[in-house]
Amino acid sequence: MAMERGGERGKPEASGAPARRASDRGRYGRLNRDRVLASALELVDREGLSALSMRRLGGELGVEAMALYRYASSKDALLDGLVEALYLELEQRLAAEAGTTGWRAELHRIARATYDVCLAHPRAVPLLTTRMLAVPLARRPAAVLKDHERVLALLREGGLDEARSTAAFRAFTAWLLGYVSVELREMVDNPEEPDPAFRLGLHRMPPHELPRLREAAPALAERGGPEGLAAGLDALLDRFTS
């Protein structure tokens, strides 16, 4: 019968010949994991996380989507790879700078470098929280675990015992990621509007119900910058070392 000659579409012939592998040689030459993750991050930087798919990334690299599964076994693995790429960039920034003297100054340096990485890739920043909610500690990328280890070691160097260093680590992480998230919140309602009040859309907020929010909105629209990050970190560390 005709169906028996060709088998199901997309499956190997009955002769046992192996299925053809999708080529991983694209417009940048043969792929590697670093190239795949870098292109994924570039795509997210341009168009946001919703634009990222295996098919779209394959198009960016000039290969079939199936070729990418050698470097990321699933969409979730690709997202974890983006988290890895952000932390590897953090490693590179820290390595390129001169180290500081003292555990506290080094924590400030790590916080500032993390802040800079996040501002360089704002559309990928949500992954730093969403993927950590989905991925158990031991399964996180090595670059993430190395960052956790470094911060904990510095807190122990500062004289905090195991219990206090663990609590301080949680507070440090929460402050850093929370601060960056607030910095990157969308505040502008109409970018084309020159009038500040209409630009922020204050006319959409009921003045009798939200008077304090309307009053604070212009200030909230301004970033706190590295200075605000450092001030909050100092207050946090004072709490654990006093």
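Our subject is the structure listed above.
Attention here is on the structure that accompanies the text. (Residues numbered from 1 in each chain as written. Predicted model: local features only at pLDDT ≥ 70, side-chain atom pairs only at ≥ 80, totals over all residues. Heavy atoms only, no water.)

1. Comments concerning helix H7 (residues 142-157)
- Over its 16 residues, H7 extends 22 Å from the first C-alpha to the last, a length consistent with the 22 Å expected when each residue adds 1.5 Å.
- Ala-143, Val-144, Asp-147, His-148, Arg-150, Val-151, Leu-154 and Leu-155 are the residues of H7 that are buried. All buried residues of H7 project into a common sector of 160° when viewed along the axis, lining one side. In this structure, H7 carries Ala-142, Glu-149 and Glu-157 as exposed residues pointing more than 90 degrees from its buried face.
- Buried positions along H7 lie against helix H4 (75-96), helix H5 (103-120), helix H6 (127-134), helix H8 (162-183) and helix H11 (225-241).
- Within two residues after H7, Gly-159 carries a phi angle of roughly 95°, on the positive side. (Helix = DSSP H or I, 4+ residues; strand = E, 2+ residues; numbered from the N terminus. Expected span 1.5 Å × (residues − 1). Buried < 20%, exposed > 50% of the residue type's maximum accessible area, 1.4 Å probe, protein only. Arc of directions from axis to C-beta. Contact = heavy atoms within 4.5 Å.)

2. Quick notes on the nonpolar core
- Judged by nonpolar contacts, the single largest core of 56 residues is most densely connected at Leu-52, Leu-78 and Leu-155.
- Going through the elements one at a time, helix H2 (33-47), helix H3 (54-61), H4, H5, H6, H7, H8 and H11 are the ones with two or more residues in this core.
- With nine residues, the top contributor of residues to this core is H4.
- Not counting chain neighbours up to four residues away, the residues in contact with Leu-52 comprise Ala-40, Leu-43, Val-44, Leu-57, Lys-75, Leu-78, Leu-79 and Leu-82. (Core = buried A, V, L, I, M, F, W, Y, C linked by side-chain atoms within 4.5 Å.)

3. Description of empty space enclosed by the protein
- Counted under the stated rule, the structure contains two cavities of 30 Å³ or more.
- Volume-wise, the largest cavity comes out at about 100 Å³.
- Taken together, Tyr-87, Leu-90, Ile-110, Thr-114, Asp-147, His-148, Val-151, Phe-169, Phe-172, Thr-173, Leu-176 and Leu-177 make up the full set of residues lining the largest cavity.
- Sorting the residues of the lining of the largest cavity by element identifies H4, H5, H7 and H8 as the ones contributing at least two each.
- Top element by residues in the lining of the largest cavity is H8. It accounts for five residues. (1 Å grid on protein atoms, 1.4 Å probe; cavity = no way out; pocket = protein on both sides within 12 Å on 5 of 7 lines; lining within 4 Å. Points joined across faces, edges and corners; volume = space filled by probe spheres on them.)

4. Let's talk about the pattern of salt bridges
- Counting across every chain of the model gives 18 salt bridges.
- One salt bridge in this structure joins Arg-56 and Glu-47, with 2.6 Å as the shortest N-O distance.
- Residue Arg-56 is classed as partly exposed on the basis of its relative accessible area, which comes to 30%.
- Its relative accessible area of 35% is what places Glu-47 among the partly exposed residues.
- Between Glu-60 and Arg-56 there is a salt bridge; the shortest N-O distance is 3.7 Å. Taken together, the positions of Glu-60 and Arg-56, both in helix H3 and four residues apart, correspond to about one turn of that helix.
- With a relative accessible area of 22%, Glu-60 lands in the partly exposed category.
- Put simply, Arg-46, Glu-47, Arg-56 and Glu-60 are held in one network by salt bridges that share partners. (Salt bridge = Lys/Arg side-chain N within 4 Å of Asp/Glu carboxyl O.)

5. Let's talk about the environment of Glu-106
- Locating Glu-106 in the fold gives a position in helix H5.
- Glu-106 sits in the buried class, given a relative accessible area of 13%.
- In contact with Glu-106, not counting residues within four places along its chain, are Gly-99, Thr-100 and Leu-154.

6. So, the packing of H5 against H7
- Viewed as axis vectors pointing N to C, H5 and H7 meet at an angle of 155°, and their least axial separation amounts to 9 Å. Between H5 and H7, the angle is such that the two are roughly antiparallel. Seen along the crossing, H5 lies across H7 with a hand that is left-handed. Seen from H5, the contacting residues are Trp-103, Glu-106, Leu-107 and Ile-110; seen from H7, they are Asp-147, Arg-150, Val-151, Leu-154, Leu-155 and Glu-157.
- A breakdown of the residues in the contact of H5 with H7 according to their chemical character gives six nonpolar, no polar and four charged. (Axes fitted to C-alpha atoms, helices over the stretch in contact; angles between N-to-C directions. Parallel < 35°, antiparallel > 145°, perpendicular 65-115°, else oblique. Left-handed = near helix turned anticlockwise from the far one by under 90°. Nonpolar A, V, L, I, M, F, W, Y, C, P; charged D, E, K, R; others polar.)

7. Observations concerning the environment of Asp-147
- Relative to the helices and strands, Asp-147 is located in helix H7.
- Judged by relative accessible area, Asp-147 falls into the buried class, the value being 8%.
- With 56 residues separating them along the chain, Asp-147 and Glu-91 place their C-alpha atoms 8.4 Å apart.
- Ignoring any residue separated from it by four or fewer positions in sequence, one finds Asp-147 in contact with Tyr-87, Leu-90 and Ile-110.

8. Examining the packing of H4 against H6
- Axis separation between H4 and H6 bottoms out at 10 Å; the angle between their running directions is 125°. Judged by the angle between their axes, H4 and H6 are oblique. As H4 packs across H6, the resulting crossing turns out to be left-handed. Only Leu-127, Leu-128, Arg-131 and Met-132 of H6 make contact with H4, whose side of the interface consists of Asp-76, Leu-79, Asp-80, Leu-82, Val-83, Leu-86 and Tyr-87.

These results come straight from atomic positions and should not be treated as a statement about function.
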